[in-house]
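Working through the structure, step by step
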Amino acid sequence: MRGNVIVTPPSTFRSAEDFADLAGDTVLGAVRFSTAGGPPRWEHGLPVLPLHMVRPGEAEVVEVWHTDGDVVRTGEHEGLLYAHDGEVLFCAGWIGPSADCGEAARQAYLAAFELVEGLGYRNVVRMWNMLEGITDRSARGTEVYRDFCVGRGKAFDERGHAMPASTGIGSLGGGVAFYFLAHRSHEAVHLENPLQVPAHEYPPQYGPRPPSFARATYVRPEQGRGSLYVSGTASILDHATVAAGDVARQVQVTLANIAALIGADNLARHGIDGGYRLDDLRAVKVYVKRPEDVPIVTRLCRDEFSRRAEVAVFTVDVCRPDLLVEIEGMTP
Ligand SMILES: C=C(O[C@@H]1C=C(C(=O)O)C=C[C@H]1O)C(=O)O
């Protein structure tokens, strides 16, 4: 096993054609942000998850995950498609539209934990969950996201896994889809944000089961500098939404949250040397609830992130009705 393998950022948010060109490289898999969602499928022998996150007329974005490993193995477990290189695992799953997305999420997460335990990739470092109608009323008469959090939380309880960095965001169709990254030997250090109550300690007003995630996860290789994955971050201080209705202010609060999370003081609190600034982040994804806010959000983000950072913007719902924007990224 190599000691220096780290997941590098999605090399680019590529066009559809480029992904085909990459086949044969050390690509683990890809996520297609496109006009239709569905179960993960094999493309060029690799797992690819289609997500309905792009509106007609917008360009499809393909997030390609690759490593510096050289032998990629692939497989399927209870509908989950995965690829791994001896140190890093990429896995994609689909729950689809369901009457009880909570129970379906529990089962899908249990299958995912079974997979990582069985293959020996126990350190789950980053998860993404895309939920159609995230704040809609669910078939159970509650809310889709709240139902999801209940089922996901049960799976974490049942298998005793640490909660990693995550995203829980809306999609435009296709039920619930998810994907994640896990490591075999590199330690995962899960971070909280001094400006925010840990999400898993949110009070009950946000739902019966608080969401199961950490604000960021740092992957510590045996040597050298690791990678930091920043969860989907929004305009929340303590546990409350800040600046409801004011998208520019929500962007500012969100960016300040991320800056506090990744800065040297907070990393030191978690036993990590060094610190990052916003312009160290790469592979930034910005989720904007209202199409009319896209220009201003894009401009505000462009002012703060490096010119070298790719920034992909999606117009989708966020997990609370009063949140207008959410931002995530990672360090190279
Ligand atoms: C924006 C928040 O939560 C969102 C929901 C998440 C989840 O449920 O996995 C993770 C991060 C965000 O995408 C928040 O609570 O701060």
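These figures come from a predicted structure and were not determined experimentally. Here the residue numbering is sequential within each chain, running from 1 through the sequence in written order. Two thresholds apply to this predicted model, a pLDDT of at least 70 for residue-level local features and 80 or more for giving and counting side-chain atom pairs, whereas whole-chain, interface and lining totals are computed over all residues.

Here's the deal with the overall build of the protein
Every helix listed is a DSSP run of H or I at least four residues long, and every strand listed is a run of E at least two residues long, numbered separately from the N terminus. The secondary structure content of the protein amounts to six helices and 19 strands. For the protein, the C-alpha radius of gyration of 18 Å lies close to 20 Å, the compact-globule estimate for 332 residues. Its C-alpha atoms give the protein principal-axis dimensions of roughly 50 × 45 × 40 Å. In the protein, buried positions account for 52% of the 332 residues. The atom set for the radius of gyration is the C-alpha atoms, and the globule formula is 2.2 Å times the number of residues raised to the power 0.38. Residues with at least 20 neighbouring C-beta atoms inside 10 Å of their own are called buried, those with 12 or fewer are called exposed, and the rest are partly exposed, where every C-beta is derived from the backbone.

Details of the UniProt feature "binding site: substrate" (unreviewed entry) in the protein
UniProt positions are given in the numbering used here, feature names are shortened, and annotations may be inferred rather than shown by experiment. In this structure's numbering, the residues bearing the UniProt feature "binding site: substrate" (unreviewed entry) are Tyr-145, Arg-152, Tyr-202 and Arg-215. Within the fold, Tyr-145 resides in helix H3 (residues 144-159). Residue Tyr-145 is classed as buried on the basis of its 26 C-beta neighbours within 10 Å. Two residues qualify as a contact pair if the distance between their C-beta atoms, derived from the backbone, is within 7 Å. Once residues within four sequence positions are removed from consideration, Tyr-145 is found in contact with Leu-131, Ile-134, Thr-135, Gly-168 and Cys-319.

A few points about the site of the ligand
The rule is simple: place the C-beta atom from the backbone, and if it lies within 6 Å of a molecule or strand, the residue is near it. Near the ligand you find 14 residues, and of these Ser-166, Gly-168, Pro-211, Gly-232 and Ala-234 are the closest. Going through the elements one at a time, strand S10 (165-171) and strand S14 (227-233) are the ones with two or more residues in the shell around the ligand.

What about the packing of helix H2 (residues 101-119) against H3?
Between H2 and H3, whose axes approach to 7 Å, the crossing angle comes to 35°. Where H2 crosses over H3, the handedness of that crossing is right-handed. From H2, Cys-101, Gly-102, Glu-103, Ala-104, Ala-105, Arg-106, Tyr-109, Leu-110 and Phe-113 reach across to H3, where they touch Val-144, Asp-147, Phe-148, Val-150, Gly-151, Arg-152, Lys-154, Ala-155, Glu-158 and Arg-159. Only the stretch in contact is used when fitting a helix axis, every axis being a line fitted to C-alpha atoms; angles between N-to-C directions are given from 0 to 180 degrees. In a left-handed crossing the near helix is turned counterclockwise from the far helix by less than a right angle, and in a right-handed crossing that turn is clockwise.

Some thoughts on the confidence of the model for the protein
Across the protein, pLDDT averages 92, with 92% of residues at or above 70. The quantity called pLDDT is the predictor's confidence in a given residue, expressed from 0 to 100. Throughout residues 1-11 the model reports pLDDT below 50, and contacts reaching past four residues in sequence, or to other chains, amount to 40 contacts. Reported confidence for the predicted complex is 0.99 by ipTM and 0.95 by pTM.

Concerning the sheet that holds strand S18 (residues 311-315)
By this definition, two strands are paired if DSSP reports at least two bridges between them. An order of S12-S13-S14-S19-S17-S18 is seen for the six strands of this open sheet, with the pairing classed as mixed. The two strands at the open ends of the sheet, each matched to only one other strand, are strand S12 (187-191) and S18. Ignoring which end each strand starts from, the neighbouring axes of this sheet average 15° apart. With four bridges connecting them, strand S13 (residues 216-220) and S14 associate as antiparallel partners. Across the sheet, residue Thr-217 finds its bridge partner in S14, namely Tyr-229. On top of the sheet, helix H4 (residues 247-262) reaches S12, S13, S14 and strand S19 (325-330); it is set at about 150° to S14, its chief contact.

Some points on the sheet that holds strand S6 (residues 73-77)
Read from one edge to the other, the open sheet built from six strands follows the order S6-S7-S8-S11-S9-S10, with strand pairing classed as mixed. Edge strands, defined here as strands with exactly one partner in the open sheet, are S6 and S10. Within the sheet, the average angular offset between the axes of one strand and its neighbour, ignoring direction, is 15°. As defined by bridge partners, strand S7 (residues 80-84) adjoins strand S8 (residues 88-96) across four bridges and the pair is classed as antiparallel. Residue pairing in the sheet places Tyr-82 in a bridge with Cys-91 of S8. Across the sheet, H2 touches S6, S7, S8, strand S9 (123-132) and strand S11 (176-183), and the angle it forms with S8 is around 160°. Here H3 sits on the sheet in contact with S9, S10 and S11, set at roughly 150° to S9.

Focus on the UniProt feature "domain: Chorismatase FkbO/Hyg5-like N-terminal" (unreviewed entry) in the protein
Per the UniProt record, the feature "domain: Chorismatase FkbO/Hyg5-like N-terminal" (unreviewed entry) sits at residues 63-182. Along residues 63-182 one finds 29% helix and 39% strand; the C-alpha atoms at either end are 17 Å apart.

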